[in-house]
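# Structure assessment
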Amino acid sequence: MLPNSWFLPFGLDKLFKSLAAEKQRKLPVLSLEEHEKYGDTYAQYAGGLFTILTRDPRNIAALLTKQFPKFGYGPIRHNCFAPLLGDGIFTLDGSAWEHSRKLLAPIFHKPNFPAFETIEGHVQDLFSAIEANDDMNHIDLRPLIYDFTLDTATDFFLGKSTHLLKSRSESPSVPKPYDLGSTFSSAFNTAVSWTATRERFKAFYWLVNPREFRSSCSSARHSLKNMILDGIIHSRDIQHSALNDILSKLELNIYRARDELINLIFAGRDSNASLLCWVVYALAREPIIYSRLRKEVIAKLGQRQPTKKEINEMEYLDFVVHETLRLFPAVPINGRLCLGGDTTLPVGGGEDGEKPVYVPRGTLICFSTYGTHRSKKLYGEDVGEFKPERWKVKGVRERGLDYSYHPFSAGPRRCLGENYALMLTKYTVCRFVQRFEGVTSVEDEGSDWQGRIRYQIGLTMAPDDGVVVNLRP
Ligand code: HEM
């Protein structure tokens with residue numbers, strides 16, 4: 001062991017510390033502890049990069065909005081993600097990113113997007129897959145939720161769903177309806193997991209390049225290309241799908257369309273699945289909140305399907321979803337590289353940390369959404385409690401304005417899928433509470449359930465031990 005005053009070169013000590021926390025599935029907890037110890041903004045040399053870590057909303061506001069042109073993803077992020085995501089909205093900067101955003105944004109602004117009839121079909125597949133289980137007292141919903149969000153994302157974006165859930169509830173003798181989908185899904189899982197490990201190595205990402213990573217990326221990309229071709233040939237709904245819009249704007253260039261779509265499918269599957277997993281995970285440990293939510297939904301709808309207007313009128317449902325995004329943001333820690341010359345961020349410098357902090361070109365700024373959302377200074381002593389009612393006191397809009405709440409990021413790179421994610425989640429949660437009178441965790445964890453959480457940090461955050469619950473229809 002090294003004495004405290006020694007440091008490994010290239011910030012390798014910090015890198016090893018985060019890898020150790022990652023192994024224990026406690027990486028976000030480490031980031032929070034370090035902010036409590038060193039302050040809301042501090043600097044370190046980590047993984048070969050001079051890094052400023054911040055959870056101060058004033059710095060985050062500057063980084064994402066006012067000083068946006070000075071910062072970007074940079075070449076490390078591009079090269080780290082590109083084997084899987086290619087040249088798409090999550091890997092590009094500058095004019096190439098702008099082009100990609102202009103191409104994709106109209107998909108999300110269509111009046112009927114996301115169509116509730118489409119979601120309803122997949123919700124029914126989810127219930128059938130749940131009810132096909134022999135033991136409703138012990139069922140892990142996490143894999144089903146990931147299938148659900150891939151089925152919906154492919155339906156919306158390719159015009160043809162992978163229908164992974166349908167194949168779960170059918171007998172093994174029935175041929176799988178859409179095998180390309182399962183090939184894509186399993187290759188994609190492996191590739192996402194390796195990409196996340198590469199990202200953790202920062203400037204040394206290139207050291208993580210095993211055969212399994214390379215082959216899973218090429219298999220995911222190849223099967224998606226075939227799904228696109230299949231969609232073009234067989235889908236009756238293609239003219240309404242994002243695929244159609246993208247292909248026509250890209251003059252039928254299948255390879256570019258594939259890169260744009262793999263980015264959308266990644267966000268549509270993983271971020272949505274993260275949110276849905278955490279909502280059910282939290283509700284299963286908070287029976288009073290579950291029954292209050294159920295009361296609101298049943299009083300409004302009975303057992304019928306909600307309309308968009310009705311979804312927007314349910315206040316407690318909104319609070320539950322935002323409280324989940326506060327404590328368990330799908331992207332807990334994010335980063336930007338200073339690309340546009342030396343600059344400053346508003347706070348973090350000087351003795352009291354209230355003066356601007358100098359940011360040399362090439363600095364990585366890591367901003368912790370998880371850390372901001374769990375700051376006592378911003379949310380009070382009960383910051384760690386799952387308490388939906390808190391949103392009545394200071395609302396989502398107000399907290400968005402001062403950046404104390406930013407699960408969907410902000411500024412020109414704000415999440416394009418925010419409304420889609422909120423609608424899909426709220427619709428699904430509504431139907432879930434209508435269907436199940438009770439949901440409880442299989443472990444009796446008491447009030448300190450958050451202390452025992454193990455976090456899986458892929459490119460998004462999910463409960464590492466799954467969402468294992470007992471369901472009462
Ligand atoms: C709960 C669900 C979601 C959360 C919490 C979330 C969060 C975020 C965050 C934090 C970013 C910024 C990423 C960065 O700065 O590196 C982002 C970007 C983005 N999100 Fe989401 N997202 C969610 C769901 C979705 C969905 C369902 C889609 C659509 C399929 C989507 C599409 C996008 C896109 C295209 C961007 C890139 C925007 C750009 O760089 O211009 N997101 N999202």
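Since this is a predicted model, take the numbers as computed values, not measurements. (Residues numbered from 1 in each chain as written. Predicted model: local features only at pLDDT ≥ 70, side-chain atom pairs only at ≥ 80, totals over all residues. Heavy atoms only, no water.)

Here we take up the overall build of the protein chain. When its secondary structure is counted, the protein chain shows 20 helices and twelve strands. Compactness check: the protein chain gives a C-alpha radius of gyration of 22 Å against a globular reference of 23 Å for 473 residues, within 12% of the reference. Each principal axis of the C-alpha atoms in the protein chain carries an extent, and together these give about 65 × 55 × 45 Å. Per-residue burial over the protein chain gives 57% buried out of 473 residues. Considering only contacts in the protein chain between residues 6 or more positions apart, those separated by 24 or more positions represent 75%. As displayed, the protein chain offers around 20,600 Å² of accessible surface, 55% of which is attributable to carbon and sulfur atoms. Each charge sign in the protein chain was given a centre, from 60 positive and 56 negative side chains, and these centres are 3 Å apart. (Helix = DSSP H or I, 4+ residues; strand = E, 2+ residues; numbered from the N terminus. Rg over C-alpha atoms; globule rule 2.2 N^0.38 Å. Buried < 20%, exposed > 50% of the residue type's maximum accessible area, 1.4 Å probe, protein only. Contact = heavy atoms within 4.5 Å. Areas by Shrake-Rupley, 256 points an atom, 1.4 Å probe, with all protein chains shown as cover. Lys, Arg positive; Asp, Glu negative; His and termini not counted. Charge placed at Lys NZ, Arg CZ, Asp CG, Glu CD.)

Turning to the nonpolar core, a few remarks are in order. I130, L141, F157 and L471 are the most contacted members of the largest nonpolar core, which has 121 residues in total. Those residues in contact with F157, other than ones at most four positions away along the chain, are I107, F108, F113, S241, A242, L243, L261, L264, I265 and Y420. The next biggest cluster of nonpolar side chains, apart from the first, holds 15 residues, and it includes I52, I60, V357 and V359. (Core = buried A, V, L, I, M, F, W, Y, C linked by side-chain atoms within 4.5 Å.)

In space, the three strands of this open sheet follow the order β4-β12-β9, with antiparallel pairing throughout. The outermost strands of the open sheet, each flanked by one partner alone, are β4 (139-140) and β9 (438-441). (Pairing = 2+ DSSP bridges.)

Glancing now at the site of the ligand. For the ligand, the set of nearby residues contains 29 residues, the closest of which are Y73, W97, R101, R413 and C415. Residue W97 places a side-chain N or O atom 2.8 Å away from an oxygen atom belonging to the ligand. Within the side chain of N334, one N or O atom sits 3.2 Å away from an oxygen atom of the ligand. Counting residues per element, the ones that place at least two in the shell around the ligand are α5 (94-108), α12 (254-283), β5 (333-338) and α20 (418-435). The biggest single contributor to the shell around the ligand is α12, with six residues. (Near = heavy atom within 4 Å. Polar contact = N/O pair within 3.5 Å; in protein donor to acceptor, adjacent residues only side chain to side chain.)

Turning our eyes to something else, we now look at the sheet that holds strand β2 (residues 49-54). The sheet built from five strands is open, its strands ordered β1-β2-β8-β5-β3 with mixed pairing. Across the chains shown, the open sheet's two edge strands, defined by having one partner strand only, are β1 (41-46) and β3 (71-72). When β5 meets strand β8 (residues 364-368), the two strands line up antiparallel, connected through five bridges. Bridging from a neighbouring strand, N334 pairs with F367 of β8.

This paragraph deals with the environment of K202. Inspection of the secondary structure puts K202 in the loop between α9 (179-200) and α10 (211-234). Separated by 51 residues in the primary sequence, K202 and D151 place their C-alpha atoms 32 Å from one another.

Once that is clear, we can look at the coordination of the iron atom of the ligand. Of all protein atoms, C415 (SG) alone acts as a donor to the iron atom of the ligand, lying 2.3 Å away. Along the chain, C415 falls in the loop between α19 (396-401) and α20. (Donors = N, O, S within 2.8 Å, 3.2 Å for Na, K, Ca; no water.)

So, on to the pattern of salt bridges. All chains considered together, the criterion is met by 33 salt bridges. Where R168 meets D147, a salt bridge forms, and the shortest distance between an N and an O atom there is 2.5 Å. Here R168, found in helix α8 (residues 164-169), pairs with D147, found in helix α7 (residues 142-158); they are 21 residues apart in sequence, far enough to count as distant. Under the relative-accessibility criterion, D147 is labelled buried at 10%. (Salt bridge = Lys/Arg side-chain N within 4 Å of Asp/Glu carboxyl O.)

Take the state of the cysteines next. Under the counting rule described, the total for this entry stands at zero disulfides. Considering cysteine sulfurs only, C217 is the nearest to C80, which forms no disulfide, with 10 Å between them. Judged by its relative accessible area of 2%, C80 is buried. Considering cysteine sulfurs only, C80 is the nearest to C366, which forms no disulfide, with 13 Å between them. (Disulfide = S-S within 2.5 Å.)

Quick look at the environment of L64 now. By the secondary structure assignment, L64 is in helix α3 (residues 57-66). L64 sits in the buried class, given a relative accessible area of 1%. As a C-alpha pair, L64 and P412 span 348 residues in sequence and 7.5 Å in three-dimensional space. Ignoring anything within four residues of it in the chain, the contact list for L64 reads R336, F367, S409, A410, G411 and P412.

With that settled, the discussion passes to the packing of aromatic side chains. With the rule as written, the count across this model stands at 24 aromatic pairs. Relative to F188, the ring of F184 has its centre 4.9 Å away and its plane inclined at 20°; by these criteria the two rings are stacked. With F184 and F188 both in helix α9 and four residues apart, this pair spans about one turn of that helix. Judged by its relative accessible area of 0%, F184 falls in the buried class. Connected via pairs of aromatic rings, a cluster forms that spans W278, Y281, F328, Y370, F386, W449 and Y455. (Phe/Tyr/Trp six-rings, centres within 6.5 Å; stacked < 30°, edge-to-face > 60°.)

In this section: the UniProt feature "binding site: heme" (unreviewed entry) in the protein chain. In the numbering used here, UniProt assigns the feature "binding site: heme" (unreviewed entry) to C415. The exposure class of C415 is partly exposed, given its relative accessible area of 34%. (UniProt positions renumbered as here; feature names shortened; annotations may be inferred.)

This part is about α12. The end-to-end C-alpha distance of α12, which contains 30 residues, comes to 42 Å, matching closely the 44 Å that a straight helix rising 1.5 Å per residue would cover. Within α12, 26 of the 30 residues are buried, which leaves it mostly tucked inside the rest of the structure. (Expected span 1.5 Å × (residues − 1).)

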